[in-house]
Amino acid sequence: MITFENVSKTYTSGSDQVAALTEVNLTIAARDIFGIIGESGSGKSTLLRMINTLEQPTQGQVKIDGVDLKQLTKQQQRQKRKEIGMIFQQFNLLYNQTVHENIALPLRLAGNYEAAKVQEVLAFVGLQNKERQYPKQLSGGEKQRVGIARALITQPKILLCDEPTSALDGQNAHDIMKLLRKINQVFGTTMIVVSHELSLIKQLCSKAAVLENGKVLEVFAITNSSQEEQYNSYYERVQENLR
Ligand SMILES: Nc1ncnc2c1ncn2[C@@H]1O[C@H](COP(=O)(O)OP(=O)(O)O)[C@@H](O)[C@H]1O
Ligand SMILES: [Mg+2]
């Protein structure tokens, strides 16, 4: 379980102070797919980056399984970070490295590289035949699959997804969502998915928080029926395009 308890974050740049988050309270259950929705600048990425300790709260506590992340030593923070994967809107791949090497990177950094592990995760994301290619030879959807495979290689308990489909077109976005859902179902990974698209959040998540100017406006549950509706309307649109 991940909890935000009265979390505020103020960035200081020069003489300017930016209140990125203000008194945020949230509870994200283990194995859940939790959505964060909000306009650009509302504090979504800041919120995500606090979960993997890339940002520290100015006030309040972020806890994972009851442990206040601020109380961890630097080494414990590094250890925690290994249990948390992250994927990005712009994929953040190394463009001078092959698909295989991009995915192997976290293993190499941890000193436990095994080619078979890379191949296993490649098969899971459906890219077994792209191993020797370079990112520039891939479609956007395929690049995001590489990003996902790189995040999965260390078997994270938590996966942070920052606008995972915002750079993708309709079909590719839909396929990536299906893959995220499969990861949740197969591995029980807790996922926090950030987006500015309500439709995406409704299709993927079981609960979501609306962020505006750094404040949580509301938290709402998403029922299966509204997810089915979304899927149906998506397929209707696809069918219409085919006609
Ligand atoms: N490192 C930083 N230094 C100063 N201001 C920042 C920094 N990161 C983000 N901000 C500001 O904090 C606010 C929230 O940013 P962010 O969390 O990136 O929002 P979102 O992901 O929803 O677009 C914005 O006003 C942004 O300009
Ligand atoms: Mg952002």
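The rules we used
Residues numbered from 1 in each chain as written. Chains lettered and ligands numbered in written order. Predicted model: local features only at pLDDT ≥ 70, side-chain atom pairs only at ≥ 80, totals over all residues. Helix = DSSP H or I, 4+ residues; strand = E, 2+ residues; numbered from the N terminus. Buried ≥ 20, exposed ≤ 12 C-beta atoms within 10 Å, placed from the backbone. Contact = placed C-beta atoms within 7 Å. Near = placed C-beta within 6 Å. Nonpolar A, V, L, I, M, F, W, Y, C, P; charged D, E, K, R; others polar. Domains from an automatic or database assignment. Axes fitted to C-alpha atoms, helices over the stretch in contact; angles between N-to-C directions. Parallel < 35°, antiparallel > 145°, perpendicular 65-115°, else oblique. Left-handed = near helix turned anticlockwise from the far one by under 90°. Expected span 1.5 Å × (residues − 1). Pairing = 2+ DSSP bridges.

The helix and strand tally for the protein stands at eight helices and ten strands. The principal-axis extent of the C-alpha atoms belonging to the protein is close to 50 × 50 × 35 Å. Residues counted as buried form 35% of the 243 residues belonging to the protein. Within the protein, contacts between residues separated by at least 24 positions form 70% of all contacts whose residues are at least 6 apart in sequence.

This paragraph deals with the site of ligand 1. Around ligand 1, the neighbouring residues are Tyr 11, Ser 13, Val 18, Ala 20, Gly 38, Ser 40, Gly 41, Ser 42, Gly 43, Lys 44, Ser 45 and Thr 46. The set of elements that each furnish at least two residues to the shell around ligand 1 consists of strand S1 (2-13), strand S2 (16-28) and helix H1 (44-51). Among the elements that line the shell around ligand 1, the one with the most residues is H1, at three residues. By residue class, the composition of the shell around ligand 1 is three nonpolar, eight polar and one charged.

This next bit is on the domain arrangement of the protein. Here the protein is partitioned into domain 1 (1-78 + 158-243) and domain 2 (84-155). Spacing between the C-alpha centres of domain 1 and domain 2 amounts to 22 Å. Taken together, the contacts link 17 residues of domain 1 with 16 residues of domain 2. Elements represented by at least two residues in the side of domain 1 that touches domain 2 include exactly strand S7 (158-162) and helix H6 (170-187). Here the residues of the side of domain 1 that touches domain 2 sort into eleven nonpolar, three polar and three charged.

Once that is clear, we can look at the packing of helix H3 (residues 99-110) against helix H5 (residues 140-152). Remark: H3 packs on H5, axes separated minimally by 7 Å, with the N-to-C direction vectors making an angle of 30°. Relative to H5, the element H3 is oriented roughly parallel. Relative to H5, H3 is oriented so that their crossing is right-handed. Touching Val 99, Asn 102, Ile 103, Leu 105 and Pro 106 of H3 are Val 146, Ala 149 and Arg 150, all from H5.

Attention now goes to H5. Taking 1.5 Å per residue as the helical rise, H5 with its 13 residues ought to reach 18 Å, and the 18 Å between its terminal C-alpha atoms agrees with that figure. Within H5, eleven of the 13 residues are buried, which leaves the element mostly enclosed by the surrounding structure. Along H5, the residues classified as buried are Glu 142, Lys 143, Gln 144, Arg 145, Val 146, Gly 147, Ile 148, Ala 149, Arg 150, Ala 151 and Leu 152. As for H5, its buried residues are in contact with strand S6 (84-88), H3, helix H4 (115-125), S7 and H6.

As a further point, take the sheet that holds strand S8 (residues 190-195). Within the open sheet, the six strands sit side by side as S6-S7-S8-S3-S9-S10. Their pairing is mixed. The open sheet terminates on both sides in strands that have one partner only, identified here as S6 and strand S10 (215-221). Adjacent strand axes in the sheet meet at a mean angle of 15° when their direction is disregarded.

Time to look at the sheet that holds S2. Sheets are built from strands paired through backbone hydrogen bonds, the pairs being either parallel or antiparallel. Across the sheet, four strands lie side by side as S2-S1-S4-S5; this open sheet has antiparallel pairing. On the outer flanks of this sheet lie S2 and strand S5 (67-68), each paired with one strand and no other. In this structure, S1 lies alongside S2, joined through nine bridges in antiparallel fashion. The residue of S2 that forms the bridge with Thr 12 is Gln 17. Across the sheet, H1 touches S1, S2 and strand S4 (59-64), and the angle it forms with S2 is around 60°.

What follows deals with the pairing of strand S9 (residues 207-212). Bridge count between strand S3 (residues 33-38) and S9: five bridges; the pairing is parallel. Bridging across to S9, Ile 37 finds its partner in Val 210. Taken together, the six bridges between S9 and S10 define a ladder with antiparallel strand orientation. Looking across to S10, one finds that Leu 211 is bridged to Val 216. Linking S9 back to S10 in an antiparallel pair, the connection comprises two residues, with Asn 213 at a positive phi of about 45°.

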